[in-house]
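Below, each chain spelled out in residue letters.
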Amino acid sequence: EKNSARNRIHDLALHPEDPHLLFLGTERGLFRSSDGGRSWRGPHRWPENQPVEFVGFLPSPSSTFFLGTRRELFFSKDDGDTFESGFSLPLKSEENAEDIEEEELEEHSRLARFTSLALTAKDPSRLWMGTREGVFESHDGGIDWTKLPDRGLEDTIIHDLLFSDRRGALIAATPKGVFQYHAQEKRWGKLPVGLHRPPASIALQINLKNEEVLLVASGGEIVEWV
């Protein structure tokens, strides 16, 4: 039972001001701990016991908690007691929705899903959402979203997404490699990271030389790229 898909943990978030308050995003929904993880309450009935793909807090004084299901992003200003809808990934364009067969709609629903959320401490109002259909960007804290161009990306499936405050760069991991977005040119450029398999996850680290290092998890190895 412990290894069943229904018990799978997708993400963990620690409250920025209260180290005893933790949140788990799981396949069964959202769980909450008020004692540092010794005991858990959940899954919460909202949002309808959907799988929760990721959880976290915006880098702002208000400690806004966010939660992402496979197709929707929600925000909470009271530590998960109540939520407001932030963004829903559209299934299809409205003009073609009436002509879509039910099986096709279910297939698109399975494919069109969130994969990651990127933040920047320099501007809490800016957010980026990674999906299986590209990257979306918000300049107002998740209220309105626009899709970034796919030019140069090679594959619109986003495995992971992050923003480098030091470089002011948005970086995405895809099945075709790691890419950086060039905002002025509105295109993506591939980073020359030597990988034997597609990257699954990316992270940033500062080394002893005060250099920013990109860590790329790929297959059974982690590759460092300065």
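As a reminder, the structure under discussion sits directly above these lines.
Notes on the structure follow. Treat the numbers as computed from the prediction; the structure is a model and nothing was measured.

The biggest cluster of nonpolar side chains holds 13 residues, and the ones touching the most others in it are Trp128, Val135, Leu148, Ile158, Leu161, Leu170 and Trp188. The set of elements that each furnish at least two residues to this core consists of β12 (160–164), β13 (169–174) and β14 (177–182). Those residues in contact with Ile158 that lie beyond four places of it in its chain are Thr115, Ser116, Gly130, Thr131, Arg132, Gly134, Val135, Leu153, Ala172, Ala173 and Thr174. Counting twelve residues, the second-largest nonpolar core is a separate cluster that includes Phe54, Leu73, Leu127 and Met129.

With six of seven residues buried, strand β17 (residues 212–218) is to be regarded as a mostly interior element. In sequence, strand β16 (residues 199–206) turns back onto β17 through a hairpin of five residues, with Asn210 there showing a positive phi of about 60 degrees. Where β17 meets strand β18 (residues 221–225), five bridges bridge the pair, whose relative direction is antiparallel. Each bridged residue has a counterpart across the sheet, and for Leu214 the counterpart in β18 is Trp225.

The next subject is the environment of Phe75. Residue placement: Phe75 occurs in strand β6 (residues 72–76). For Phe75, a relative accessible area of 11% puts it in the buried group. Sequence separation between Phe75 and Phe87 is twelve residues, and the spatial gap between their C-alpha atoms is 9.6 Å. Look past the residues within four positions of Phe75 in its chain and what remains in contact with it is Leu58, Thr64, Phe65, Phe66, Thr82, Phe83, Glu84, Gly86, Leu127, Gly141 and Gly142.

A separate point is the packing of aromatic side chains. Within this structure, the stated rule accounts for seven aromatic pairs. Among the aromatic residues, ring-to-ring pairing joins Phe23, Phe57, Phe65 and Phe83 into one connected group.

Conventions used here
- Residues numbered from 1 in each chain as written.
- Predicted model: local features only at pLDDT ≥ 70, side-chain atom pairs only at ≥ 80, totals over all residues.
- Heavy atoms only, no water.
- Core = buried A, V, L, I, M, F, W, Y, C linked by side-chain atoms within 4.5 Å.
- Buried < 20%, exposed > 50% of the residue type's maximum accessible area, 1.4 Å probe, protein only.
- Helix = DSSP H or I, 4+ residues; strand = E, 2+ residues; numbered from the N terminus.
- Contact = heavy atoms within 4.5 Å.
- Pairing = 2+ DSSP bridges.
- Phe/Tyr/Trp six-rings, centres within 6.5 Å; stacked < 30°, edge-to-face > 60°.

Remember that the coordinates give geometry; whether it matters functionally is a separate question.
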